[in-house]
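Results of the structural survey
Each chain, written out:
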Amino acid sequence: MPKITNKVGSFNTMKDGKIRYRVYIPQQKKYKSFYGFTETECVKKYKLFLKEFKEDMYLTTKNNASLQRQLELYTKKMYLSIRKNSFDGMESILRNCVYPYIGHYPVEDITTDIIQEEMIAALVKDGRARSTIIKARIYLNKFYNWYIDECETNMRKNPVKATYIPSNDKFRKKSEEEDYVALSAEEVKALYKAAQETFSSGKRKNRYALAYLLILETGLRRSELLGLPLKNIHINKNGKSGYINVTQTLINVTTRDDDLNITGYSNELTSNTKSMDSKRRVPLNENAIYIIKQLTQEMELDDQNLKVKNKYGLLICSEQGTPVIPRNFNRGFHLLCDRANIPHYGIHALRHTFATDLLHSGVDIKTVSKLLGHSKIDITYNIYIHVVNS
């Protein structure tokens, strides 16, 4: 796409669909690029960069500000270089697991013992998940590495490096209900039956009923299914086989003002999947193909009857023709569970059911891992070790 210029810089559309805004920064005597999905997003990142530059956000240690204050400034700097949902995750972990415990200490007064006893041990005592504590430690470690390398400080040793996360046996064991649950064959049958219920008009009682069944047949993540465009579905001429190309997802992101204060939440389609291995080809069996054909027909009827267009070309959309809000999709599943007279499972249980059924039928774990889009086979093995052993 040709360059589009404004008074400051130029816009280019990249191969991955993102927009690059290239601007000359006279103070640094070089060009800098800002990326986003819209020109407005790119310009917002440019303005935030200028604000940081003018306020000298490359921190100094003259007043040895609190850890929380320094981390807040650091995360604003990071906003320019990481994905929105990654930033939201980092900001949430720091806000809930670091600031309340050790955020009041001056940044250079933090010691290994303070982190170990007043943060890590306290988080364990408060019942936080081991994975959450690991993330808190990782973010804090990255901050101190940056602080020592980039700021005017006499600190030479990262206080996080000598800390450790207690072993699994120190954490509260999950009950069977909390663990990775798969639906029984009887529950799957009940779910299929409930999904077929219609009003006298012939319209399905649960708009997204077939979508839940499609997860059972393909193992797609919720975000992958809600972001699935029709153009990524390929069905062979015989109508008995095909595949889905997983290339984009629907993510829930936090909207923020120029100071990065939270102003609300929105849903965005993005080409960023959970990991590189999440971009994959998922084969379709005859059940999945039948469900997709039914879904497509019903969505087309909605387009005609409600005079609403599927604005983004998705397999599944709301009655307004927009991407489905994830929490509404969750509510719909619980309503379907009620109709099927089964417990309120999380949607992810459908994905676990898909994987468990494959393993029980003799499919090797490497293949299952690839179909699920896990970044490492170890992830699959650790989740389904009880199935493998049985």
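Details of the structure are given in the entry above.
Nothing here was measured: the structure is a model prediction, and the numbers come from that model.

The next point concerns the packing of aromatic side chains. Inspection of the entire model under this criterion finds 13 aromatic pairs. For the pair Tyr24 and Tyr31, a centre-to-centre distance of 5.1 Å together with 65 degrees between the ring planes defines the contact as edge-to-face. In this structure Tyr31 comes out as partly exposed when scored by relative accessible area, which is 49%. With a centroid separation of 5.2 Å and an interplanar angle of 45 degrees, the aromatic rings of Tyr74 and Trp146 are classed as tilted. Here the residue Tyr74 occupies a position in helix H2 (residues 67-78), and Trp146 occupies one in helix H6 (residues 130-150), the gap between them amounting to 72 residues. For the residue pair Tyr74 and Trp146, the accessibility class agrees, reading buried in each case. Among the aromatic residues, those joined into a cluster by ring pairs are Tyr74, Phe143, Tyr144, Trp146 and Tyr147. Of note, Arg22 hangs over the ring of Tyr31, and the distance from its end group to the ring centre comes to 4.1 Å. Directly above the ring of Tyr243 sits Arg281, whose terminal nitrogen or CZ lies 3.8 Å from the centroid.

Between helix H8 (residues 209-218) and helix H11 (residues 326-340), the shortest axis-to-axis distance is 10 Å and the interhelical angle comes to 90 degrees. Relative to H11, the element H8 lies roughly perpendicular. When H8 is examined against H11, the residues Ala209, Ala211, Tyr212 and Ile215 are found in contact with a partner set consisting of Phe329, Gly332, Phe333 and Leu336. Of the residues in the contact of H8 with H11, the class split is seven nonpolar, one polar and no charged.

On to the pairing of strand E9 (residues 280-284), then. Where burial is concerned, the two faces of E9 differ: the one with Arg280, Val282 and Leu284 is buried and the one with Arg281 and Pro283 is not. With five bridges joining them, strand E6 (residues 242-246) and E9 adopt antiparallel strand pairing. The residue bridging Gly242 from the neighbouring strand is Leu284, located in E9.

Bringing the sheet that holds strand E5 (residues 233-235) into the picture now. Read from one edge of the open sheet, three strands run E5-E6-E9, paired in antiparallel fashion. The open sheet terminates on both sides in strands that have one partner only, identified here as E5 and E9. Across this sheet, the average inter-strand angle for adjacent strands is 20 degrees, counted without regard to direction. Pairing geometry for E5 and E6, over three bridges, is antiparallel. Bridging from a neighbouring strand, Ile233 pairs with Ile244 of E6.

Attention shifts here to the pairing of strand E2 (residues 9-13). Of all five residues that make up E2, four are buried, and the element is covered over most of its length. One ladder, built from five bridges, connects E2 with strand E3 (residues 19-25); its direction is antiparallel. Residue pairing for E3: Asn12 is matched across the bridge by Arg20. In this antiparallel pair of consecutive strands, E2 and E3, the connection spans five residues, and Gly17 shows a positive phi of 95 degrees.

Once that is clear, we can look at H2. Spanning 12 residues, H2 covers 16 Å between terminal C-alpha atoms, matching the ideal 16 Å at 1.5 Å per step. Those residues of H2 not exposed but buried are Leu67, Gln70, Leu71, Leu73, Tyr74, Thr75 and Met78. In this structure, the buried side of H2 is in contact with helix H3 (84-97), helix H4 (99-102) and H6.

If you look at the biggest cluster of nonpolar residues, it comprises 44 residues, and the most contacted ones within it are Leu191, Leu225, Ile244, Leu315, Phe329 and Leu350. Within the residue set of this core, elements represented by two or more residues are helix H7 (185-195), H8, helix H9 (222-226), E6, E9, helix H10 (286-305), H11 and helix H12 (348-360). In terms of residues, this core owes the most to one element, H8, which gives eight residues. In this structure, Phe329 is in contact with Tyr208, Ala211, Tyr212, Ile215, Arg222, Leu225, Leu226, Val324 and Ile347, ignoring residues within four places of it in sequence. Of all hydrophobic cores here, the second largest spans 38 residues; its members include Met78, Ile120, Ala122 and Ala136.

Packing of H3 against H6 brings their axes to within 10 Å, and their N-to-C directions diverge by 100 degrees. If you check the angle between H3 and H6, you find them roughly perpendicular. Contact residues: Gly89, Met90, Ile93, Leu94 and Cys97 in H3; Thr132, Lys135, Ala136 and Tyr139 in H6. Broken down by class, the residue content of the contact of H3 with H6 amounts to six nonpolar, two polar and one charged.

What counts, and at which threshold
Residues numbered from 1 in each chain as written. Predicted model: local features only at pLDDT ≥ 70, side-chain atom pairs only at ≥ 80, totals over all residues. Heavy atoms only, no water. Phe/Tyr/Trp six-rings, centres within 6.5 Å; stacked < 30°, edge-to-face > 60°. Buried < 20%, exposed > 50% of the residue type's maximum accessible area, 1.4 Å probe, protein only. Helix = DSSP H or I, 4+ residues; strand = E, 2+ residues; numbered from the N terminus. Lys NZ or Arg CZ within 6 Å of the ring centre and 35° of its normal. Axes fitted to C-alpha atoms, helices over the stretch in contact; angles between N-to-C directions. Parallel < 35°, antiparallel > 145°, perpendicular 65-115°, else oblique. Contact = heavy atoms within 4.5 Å. Nonpolar A, V, L, I, M, F, W, Y, C, P; charged D, E, K, R; others polar. Pairing = 2+ DSSP bridges. Expected span 1.5 Å × (residues − 1). Core = buried A, V, L, I, M, F, W, Y, C linked by side-chain atoms within 4.5 Å.

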